[in-house]
Amino acid sequence: MAFTRRVDQEAVALQRQGELTAFPPLTGQEAAQVGSAYALQRQDFAFPSYREMGVAIVRGVDLVEYLRAYRGDWNGGLYDLYAHNFGPIASSVGSHALHAVGWAMGAALDGGGKAAIVYFGEGATSEGDVHEAMNFAGVFRAPAVFFVQNNQWAISVPVARQTAAPIHRKAEAYGFPGLRIDGNDVLAVHAATAEALERARAGGGPTLIEALTYRLGAHSTADDPTRYRQAAEVEPWRAQDPLLRLAAQIDDEDFTRQVVEEVEERVRDLRTRLLSAPRAEPEEMFEFVYAEPPATLAAQREELRQWHS
Amino acid sequence: MAQLTLVQALNQALRHELREDPRTLVFGEDVGRLGGVFRVTDGLQEEFGERRVFDTPLAESAIVGSAIGLALAGWRPVCEIQFDGFSYPALDQVITNLAKYRGRTRGRAALPVTIRIPSGGGIGGPEHHGESPETYYAHTAGLKVVAPSGPAEGYQLLRAAIRDPDPVIFLEPKSRYWTKEEVDAAAAGRLGQARIVREGTHATLIAWGAMTARCLQAAEAAAEDGVELEVVDCRSLVPLDVDTLSASVRKTGRAVVVHEAPLTAGFGAEISARLMETIFRDLKAPVLRVTGYDIPYPAAAVEAAYLPDLDRILTAVQKVLDY
């Protein structure tokens, strides 16, 4: 969690320095992401939205390969999704919920023992695909966990403008359990997610988890939250900072100091590796469109190659 | 070789793929017990069980979205969208995800998903049951777009589409569903090759799907007046076999493209542009298009006046001959 927080800050700084094109910070949501991700087993599959760097870290994704998506080198990230069972960065809000359900249906057809978890925010619960995904999951009893980080704000729109009903209760309409948890309590998040995943792996069907949390930063580095929310609203949530709460639970200053030092070193290393990583070449844009490029595409690639030679 | 309708030929293709690859799945609305509203999946659930051939809730976006997830888990989904006009709720999944996933994952996740869509008009259907959506898909990089013209083509191309490593939009000409033809179940198809259906010398008619048969009828009528028309069935719009099209038009010097979809930005414009770019000097007349009009697909009572017919095709042929 400490590493996630520190990388998050570093990524925002890198954007300000012109090294990243944009970045959506997750500060305030570390407990929800890290706690749920540690409940996953190797064979499970996580489908992130665009703000799940904390989950990526727990899944072992190389952050250079992750952050190069925000450096503008490759949409979706450069990491191998199957090496970490962590899907590509999904920027289309809510549409990846269906992929998680399909993957879960496929895992069940293969005999079970695996679960999918999909991450999205409360804003995504207004998208039709999320409802279709929950309905499919209910009907097929797919081993899927819908993990909603209700961080209160979808850019400038508050949760009250997204839905007139509590999010966790939507599960009822699709025939499976839904629960609301304290998303800033990492142990509570872990326990609730572990239970939901275990039920899914055992054939008990899907679960919706609404983790109440707060986006302490901006929606992205292009956003200015002072235009739509008061500092007075943010302050009480700062007191609920998941890192402070965890540090209070650990109650060991030497240990936390040691963690902070370790984290600094890892972030320095990450920064160096990220900035020295090769940049994307124009010709790469023609890669991976088809298994074999059709003649027209091969001709266009050749045309571009000549322009750049 | 058996005489089969297009419905039966497609059913055979699905059956053979389900038999040969245990990872192949068939799903969609009413495809299970009912066997599909056109009976293309008739008897498949009985033979392969509810695990591999199943009905879904009525939600097109979820059908395609879950197909993506199933493919990520190593399955080979063949999903049915019941009618052309109902394929649009799934368009976001197709454009945003299905077409882009190979790229987004740097080639690590291939999505061998086939989406079957009964397409086109001419069967007296209600609203949303007669549309030709090929352009939407052809304009989206990452997809292949296949449009068979009859039973033999349907069988071969569907098998090739299912085996293809890329997502394929498979547009079935519903007005041809009940046409019978000899089908060679041993013949393997290949995507991306056009087919000369009829040889001729005076002009080339270019079509796909149901309009291929109409062009053949037009060619037969023209032959009675001594005009020999060549007819080319594109079979696949993406990839498009430009070489076969241009070779034919280089020979005849004249071309008319015929499609059911509206004129403006229809796929005929793409073909016309390709011919102009590749064989401009061999053209003896501008490439003309005979298409649906630039209106929403009309009501059943007047659809015959909307669809390209022999008179409109032959008038266009006369124009390119007289040019």
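Basis of the calculations
Residues numbered from 1 in each chain as written. Chains lettered and ligands numbered in written order. Predicted model: local features only at pLDDT ≥ 70, side-chain atom pairs only at ≥ 80, totals over all residues. Helix = DSSP H or I, 4+ residues; strand = E, 2+ residues; numbered from the N terminus. Rg over C-alpha atoms; globule rule 2.2 N^0.38 Å. Buried ≥ 20, exposed ≤ 12 C-beta atoms within 10 Å, placed from the backbone. Contact = placed C-beta atoms within 7 Å. Pairing = 2+ DSSP bridges. Right-handed = clockwise from strand over helix to strand, strands pointing away. Nonpolar A, V, L, I, M, F, W, Y, C, P; charged D, E, K, R; others polar. Axes fitted to C-alpha atoms, helices over the stretch in contact; angles between N-to-C directions. pLDDT = per-residue confidence, 0-100.

A. Expanded view of the overall build of chain B. Helix and strand counts for chain B stand at 12 helices and 14 strands. Relative to the compact-globule value of 20 Å for 323 residues, chain B shows a C-alpha radius of gyration of 19 Å, a close match. Overall, chain B is about 60 × 40 × 40 Å in size when its C-alpha atoms are taken along their principal axes. Taken over 323 residues, chain B has a buried fraction of 57%. The long-range share in chain B, meaning contacts at least 24 apart out of those at least 6 apart in sequence, stands at 79%.

B. Looking closely at the pairing of strand 10 (residues 203-207) of chain B. All names here are of chain B. With 5 of 5 residues buried, strand 10 is to be regarded as a mostly interior element. By the alternation rule, side chains of strand 10 split into Ala203, Leu205 and Ala207 and Thr204 and Ile206, which are all buried. Of the pairings in the sheet, the one linking strand 10 to strand 11 (residues 229-233) comprises 5 bridges and is parallel in character. Directly across from alanine 203, in strand 11, lies its bridge partner leucine 229. Read from strand 10 through helix 8 (residues 210-224) to strand 11, the crossover connection turns out right-handed. Sheet topology note: the strand 10/strand 13 (residues 255-262) ladder contains 3 bridges and is parallel. Paired with threonine 204 across the two strands is alanine 255, which belongs to strand 13.

C. Spotlight on the interface of chain B and chain A. Counting from both sides, the interface comprises 35 residues of chain B and, opposite them, 34 residues of chain A. Of all the elements in the fold, those that place two or more residues in the side of chain B that touches chain A are helix 3 (60-72), helix 4 (91-98) and helix 5 (101-104) of chain B. Among the elements that line the side of chain B that touches chain A, the one with the most residues is helix 3 of chain B, at 9 residues. In terms of residue class, the side of chain B that touches chain A is built from 15 nonpolar, 13 polar and 7 charged.

D. Summary view of the sheet that holds strand 1 (residues 45-47) of chain A. Residues and elements named next belong to chain A. If you trace the 5 strands from one edge of the open sheet to the other, you get 1-2-3-7-6, paired in parallel fashion. The sheet is open, and its two borders are formed by strand 1 and strand 6 (178-182), each paired with just one other strand. Averaged over neighbouring strand pairs, the angle between their axes works out to 20 degrees when direction is ignored. Inspection of the sheet shows strand 1 paired to strand 2 (residues 116-121) by 3 bridges, in the parallel sense. Bridging across to strand 2, alanine 46 finds its partner in isoleucine 117. Against the sheet, helix 9 (residues 186-201) makes contact with strand 2, strand 3 (144-150), strand 6 and strand 7 (207-212), and its axis sits at roughly 170 degrees relative to strand 7, the strand it touches most.

E. View of unusual backbone geometry. With an omega of -5 degrees, the peptide bond running from B:Val238 to B:Pro239 counts as cis. Along the chain, the position of B:Pro239 falls in the loop between strand 12 (236-238) and helix 9 (242-252). If you check the backbone angles, A:Asp251 has positive phi at about 55 degrees while not being a glycine. Assignment of secondary structure puts A:Asp251 in the loop between helix 11 (242-250) and helix 12 (253-276). The exposure class assigned to A:Asp251 is exposed, which follows from the 8 C-beta atoms found within 10 Å.

F. A look at the confidence of the model for chain B. This prediction gives chain B a mean pLDDT of 97; 100% of its residues lie at or above 70. Here the predicted complex carries an ipTM of 0.97, next to a pTM of 0.97.

G. Spotlight on the environment of B:Val227. Residues and elements named next belong to chain B. With respect to the helices, strands and loops of the structure, valine 227 is situated in the loop between helix 8 and strand 11. Note on valine 227: 18 C-beta atoms within 10 Å, which makes it partly exposed. Taking the C-alpha atoms as reference points, valine 227 and leucine 288, 61 residues apart in sequence, are found 17 Å from one another. Filtering out sequence-adjacent residues up to four positions away, valine 227 remains in contact with His202, Ala222 and Val317.

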